[in-house]
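# Structural overview for review
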Amino acid sequence: MWRDLGRIGLDPGSGGYRRYAWTGADRDCREWFRAQAEARGLTHETDRNGNQWAWLGDPLAGDAVVTGSHLDSVPDGGAFDGPLGVVSSFAALDELRRRGAEFTKPFAITNFGDEEGARFGLACVGSRLAAGQLTVEGAHRLRDGDGVSLPQAMEAAGHDPDALGPDPERLARIGAFVELHVEQGRALDLSGDPVGVASAIWPHGRWRFDFRGEANHAGTTRLADRRDPMPTYAETVLAARREAELAGGLATFGKVAVEPNGVNAIPSLVRGWLDSRAADQATLDTVVAGVERAAREHAERAGIDLTVVRESFTPVVEFQHALRDELCRLLGRSGPGPSGRAVPVLGTGAGHDAGILSASVPTAMLFVRNPTGISHSPAEHAAEDDCAAGVRALADVLEGLACS
Ligand SMILES: [Zn+2]
């Protein structure tokens, strides 16, 4: 599977993947998924929101056990974020058939569309639409960098955009959804475990900081006469790092826009985007309030106007405790010693389709060790042995949930 999939959307220059929603690379990934489904005798369908489903058993019977992930990527993404979950799903089905397991419930493998949001700027579009967390009007407003709307892009790819909309009947037929994903951090590397179970997705959000000063000549304006927003922005970046360290959260200024953006011009505007995440809401609030307070103090001292706008926010997602505990029970204990070690349970700062679906469906996640923790980069990696351990763990879970 990796040999065929690994070629699709690979950029030879960067060594990273460029699989954006409703492009040629996305179409090739979808054809790969369909071929894998058909090769295993599964019934393939694409739902109204462009998510792919490969069914074993009657999709309409209800209480289905579903597993899968996504095949799209961020710009120059790694090979594993998304595809590991889809490949492992097909491999886990193969493993269950080798074991002679009999399915007592309908079973499906999914590829959720446009998870990364690389083209239209919003993550998890396919699952958000299905779960009613993105309205049809909201989806119609999405535009890519060339001004192409989501419906136009879908239509160009041969998918009917008029069908977009919430899909509660489909979700109501799912009894459990399990997503396997490469870990995007080093918790498993540090604990020495190949596979872990997710506890929660951290609350996270994006805030836009606009620092407004006065554009002027870099060579003729005395320092005392300047209203330069750049030093104030710089102080704010340092404050974000400090506040995150103090509170035990994460804070990142990873995107900045400067006007007029000239080498010899004092900026009139510096616009920076803060991404902040933490294990709990109180910590996140502490970090963001601390960054904003520092920004306001520095801005006031320098005569800079500051506005802060929260552009997006996602509260904590706690995966269903009963299903999470069931996964831990099914995976049992491993390692040396008479009782061995329980499978680790860990939180994550990254968003996933499983997080979106958890509002409608009992949902759980498995993570596979990523030795460097690097993700959203060509350097993203998981060892072959760990990927195999992930397949076995997923097969154990699916056997416990869906088989006699
Ligand atoms: Zn992912």
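As the structure is a prediction and not an experimental result, all values here were calculated from the model. (Residues numbered from 1 in each chain as written. Predicted model: local features only at pLDDT ≥ 70, side-chain atom pairs only at ≥ 80, totals over all residues.)

To continue, consider the overall build of the protein. Scanning the protein for helices and strands turns up 13 helices and 17 strands. Relative to its length of 404 residues, the protein is compact, with a C-alpha radius of gyration of 23 Å against a globular reference of 22 Å. Among the 404 residues that make up the protein, the fraction classed as buried is 44%. Residue pairs at least 24 apart in sequence account for 75% of intrachain contacts in the protein once pairs closer than 6 positions are excluded. (Helix = DSSP H or I, 4+ residues; strand = E, 2+ residues; numbered from the N terminus. Rg over C-alpha atoms; globule rule 2.2 N^0.38 Å. Buried ≥ 20, exposed ≤ 12 C-beta atoms within 10 Å, placed from the backbone. Contact = placed C-beta atoms within 7 Å.)

Let us now look at unusual backbone geometry. Note: most residues except glycine have negative phi, and most peptide bonds are trans. Across the junction of E259 and P260, the peptide omega takes the value -5 degrees, indicating a cis bond. As for its position among the elements, P260 is in the loop between β9 (250–259) and β10 (265–266). Located in the positive-phi region is D76, a residue other than glycine, with phi close to 55 degrees. Overall, the presence of 16 C-beta atoms within 10 Å leaves D76 in the partly exposed class. Positive phi is not limited to glycine here, since C124 has a value of about 60 degrees.

To continue, consider helix α9 (residues 229–247). An ideal rise of 1.5 Å per residue puts 27 Å on 19 residues; α9 measures up with 27 Å between its terminal C-alpha atoms. Where α9 is concerned, the buried positions are P229, T232, Y233, T236, A240, E243, A244 and A247. The buried residues of α9 occupy an angular sector of 110 degrees when the element is viewed end-on, so they sit on one face. Of the exposed residues in α9, the ones pointing more than 90 degrees away from its buried face are L238, E245 and L246. Contacts made by the buried residues of α9 are with β7 (204–212), β9, β11 (269–277) and α10 (281–302). Where α9 ends, the next residue or the one after it, G248, has phi of about 80 degrees, a positive value. (Expected span 1.5 Å × (residues − 1). Arc of directions from axis to C-beta.)

Right, let's talk about the domain arrangement of the protein for a bit. Split into domains, the protein comes out as domain 1 (2–202 + 316–402) and domain 2 (204–314). Each of domain 1 and domain 2 was reduced to a C-alpha centroid, and the two centroids are 35 Å apart. Listed by partner, the interface residues are five residues for domain 1 and eight residues for domain 2. (Domains from an automatic or database assignment.)

For the rest of this paragraph, the subject is the environment of F120. Of note, F120 is situated in the loop between β4 (107–111) and α4 (125–131). In this structure F120 comes out as buried when scored by C-beta crowding, with 21 C-beta atoms within 10 Å. For the pair F120 and A218, spaced 98 residues apart in sequence, the C-alpha to C-alpha distance is 37 Å. Once residues lying within four places of it in the same chain are set aside, the contact partners of F120 are A21, D114, V125, L142, R143, D144 and L150.

Okay, the nonpolar core next. Counting residues in each nonpolar core, the largest one holds 103 residues, and the members touching the most others are L366, L394 and L398. The element best represented in this core is helix α13 (residues 384–402), accounting for nine residues. Mapping this core onto the domain boundaries places at least three of its residues in each of domain 1 (2–202 + 316–402) and domain 2 (204–314). Apart from residues lying up to four places away in sequence, L398 is in contact with V65, T67, A92 and L96. (Core = buried A, V, L, I, M, F, W, Y, C linked by C-beta atoms within 7 Å.)

For the pair α9 and α10, interaxial distance at closest approach is 8 Å and the crossing angle is 155 degrees. Between α9 and α10, the interaxial angle falls into the category roughly antiparallel. Crossing angle aside, the handedness with which α9 passes α10 is right-handed. Residues P231, T232, E235, T236, A239, A240, E243, A244 and A247 of α9 lie in contact with α10, whose contacting residues are T283, T286, V287, G290, V291, A294, A295, H298, A299 and A302. (Axes fitted to C-alpha atoms, helices over the stretch in contact; angles between N-to-C directions. Parallel < 35°, antiparallel > 145°, perpendicular 65-115°, else oblique. Left-handed = near helix turned anticlockwise from the far one by under 90°.)

Side-chain positions along a regular strand alternate between the two faces of the sheet. The pairing of strand β1 (residues 43–46) with strand β2 (residues 52–56) spans four bridges and is classified as antiparallel. Note that in β2 the partner of E45 across the bridge is W53. Counting the residues that bridge the hairpin from β1 to β2 gives five residues, and of these G50 lies at a positive phi of roughly 85 degrees. (Pairing = 2+ DSSP bridges.)

On to the sheet that holds β11. Picture the strands of a sheet paired through backbone hydrogen bonds; they go either parallel or antiparallel. If you trace the four strands from one edge of the open sheet to the other, you get β9-β11-β7-β12, paired in antiparallel fashion. Since the sheet does not close on itself, it has two edges, and those belong to β9 and β12 (305–314), each with one partner. In this sheet, adjacent strand axes meet at a mean angle of 15 degrees when their direction is disregarded. Bridge count between β9 and β11: nine bridges; the pairing is antiparallel.

Before going further, it helps to spend a moment on α10. A rise of 1.5 Å per residue sets the reference length of α10, with its 22 residues, at 32 Å; its end C-alpha atoms lie 32 Å apart and thus fit the reference within 8%. If you follow the buried residues of α10, they end up packed against β7, α9, β9, β11 and β12. Residue G303 follows α10 closely and has a positive phi angle near 70 degrees.

Okay, the pairing of β11 next. Of the pairings in the sheet, the one linking β7 to β11 comprises nine bridges and is antiparallel in character. Residue pairing for β11: W207 is matched across the bridge by L274.

Here we come to the packing of helix α11 (residues 321–331) against α13. Following both chains from N to C, one finds α11 and α13 inclined at 115 degrees, their axes separated by 9 Å at the closest point. In terms of orientation, α11 lies roughly perpendicular with respect to α13. The chirality of how α11 crosses α13 is right-handed. Side by side, α11 and α13 meet where L327, L330 and L331 of the first sit next to A393, D396, V397 and G400 of the second.

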